[in-house]
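Descriptive structure summary
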Amino acid sequence: MRYNEKELQALSRQPAEKAAEIGMRVPKKGSVVKRRLVKLVVNFLFYFRTDEAEPIGALLLEHCRIAKEEPSGFSISFIEDPDRKYYFECSSEEQCQEWIDALRRASYEFMRRSLIFYRNEIQKMTGKVNIPGKDLILLMFLFLFFRTPWSSTVSLRRPGSS
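You'll find the protein chain entered in an unreviewed UniProt entry as Pleckstrin homology domain-containing family J member 1, with Phascolarctos cinereus given as the organism.

Quick look at the structure:
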């Protein structure tokens, strides 16, 4: 997939859903862990040198696997090249789990599956098969607001992910 460098740089300046300075090792031979500012914006994970404003790289979080690594780290690998792993080291297990959760929610595939799930749940509740766009959005908002309160009654994890 091709990207316009200026558009990616502009995207990297948008407000982040999650950002922190954490350790990162790229999949180059002989690579070592370096401190990087890592910033999640939509479904891109940008990484920066800690003293620079422009990203030195970006990972598109589609068709990837996010895995917990010991002791308080995680890795990102891609389906088309599973041996090419990016490793990240967090300051705590809690921070690591927060990153893993945020990264798993970032893909469009996750959002699509969530949309389908909630649309089906709303259709079960209302008995309507085709709900007009604006009404569907309102119903989905209400469903999410009342159904996924902070009690974890509905899991938003992808099927098959842990």
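Here the narrative resumes, following the displayed structure.
Comments concerning the overall build of the protein chain
Within the protein chain, the regular secondary structure consists of four helices and seven strands. Of the regular secondary structure in the protein chain, the N- to C-terminal order runs α-β-β-β-β-β-β-β-α-α-α. With 162 residues in all, the protein chain has 34% of them scored as buried. For the protein chain, the exposed surface amounts to about 10,800 Å²; the carbon and sulfur share of it is 54%.

A look at a nonpolar patch on the surface
A surface patch of nonpolar side chains, amounting to about 260 Å² of accessible area, comprises Val42, Tyr108 and Met111. Relative to the assigned elements, Met111 resides in helix 3 (residues 108-126). For Met111, a relative accessible area of 37% puts it in the partly exposed group.

Considerations on the environment of Arg65
Mapped onto the elements of the fold, Arg65 is located in strand 5 (residues 64-69). The exposure class of Arg65 is exposed, given its relative accessible area of 52%. Taking the C-alpha atoms as reference, Arg65 lies 6.0 Å from Phe78; in sequence the two are 13 residues apart. In this structure, Arg65 is in contact with Ser75, Ile76 and Ser77, ignoring residues within four places of it in sequence.

A look at the pattern of salt bridges
Applying the stated criterion across every chain yields a total of four salt bridges. One salt bridge in this structure joins Arg13 and Glu54, with 3.1 Å as the shortest N-O distance. Here Arg13, found in the loop between helix 1 (5-12) and strand 1 (18-25), pairs with Glu54, found in the loop between strand 3 (44-49) and strand 4 (57-60); they are 41 residues apart in sequence, far enough to count as distant. Relative accessible area serves as the criterion here: at 30%, Glu54 is assigned to the partly exposed category. The residue Lys18 makes a salt bridge to Glu98 at a minimum N-O spacing of 3.4 Å. With Lys18 in strand 1 and Glu98 in helix 2 (residues 93-105), this residue pair connects regions lying 80 residues apart in the sequence. Classification of Glu98 as partly exposed rests on a relative accessible area of 37%.

Regarding the state of the cysteines
Here, disulfide denotes a covalent bond that connects the sulfur atoms of two cysteines. Tallied over the full model, the rule gives zero disulfides. Summary of cysteine pairing: Cys96 is not part of a disulfide, and the nearest cysteine sulfur, belonging to Cys90, is at 4.5 Å.

Brief notes about the environment of Pro82
Examined against the element boundaries, Pro82 turns out to sit in strand 7 (residues 81-89). In this structure Pro82 comes out as partly exposed when scored by relative accessible area, which is 47%. Once the C-alpha coordinates of Pro82 and Cys64 are considered, the two residues, 18 residues apart in sequence, prove to be 8.6 Å apart.

How each quantity is defined
Residues numbered from 1 in each chain as written. Predicted model: local features only at pLDDT ≥ 70, side-chain atom pairs only at ≥ 80, totals over all residues. Heavy atoms only, no water. Helix = DSSP H or I, 4+ residues; strand = E, 2+ residues; numbered from the N terminus. Buried < 20%, exposed > 50% of the residue type's maximum accessible area, 1.4 Å probe, protein only. Areas by Shrake-Rupley, 256 points an atom, 1.4 Å probe, with all protein chains shown as cover. Patch = residues over 30% accessible without salt bridge, like charges linked within 9 Å, V, L, I, M, F, W, Y side chains within 5 Å. Salt bridge = Lys/Arg side-chain N within 4 Å of Asp/Glu carboxyl O. Contact = heavy atoms within 4.5 Å. Disulfide = S-S within 2.5 Å.

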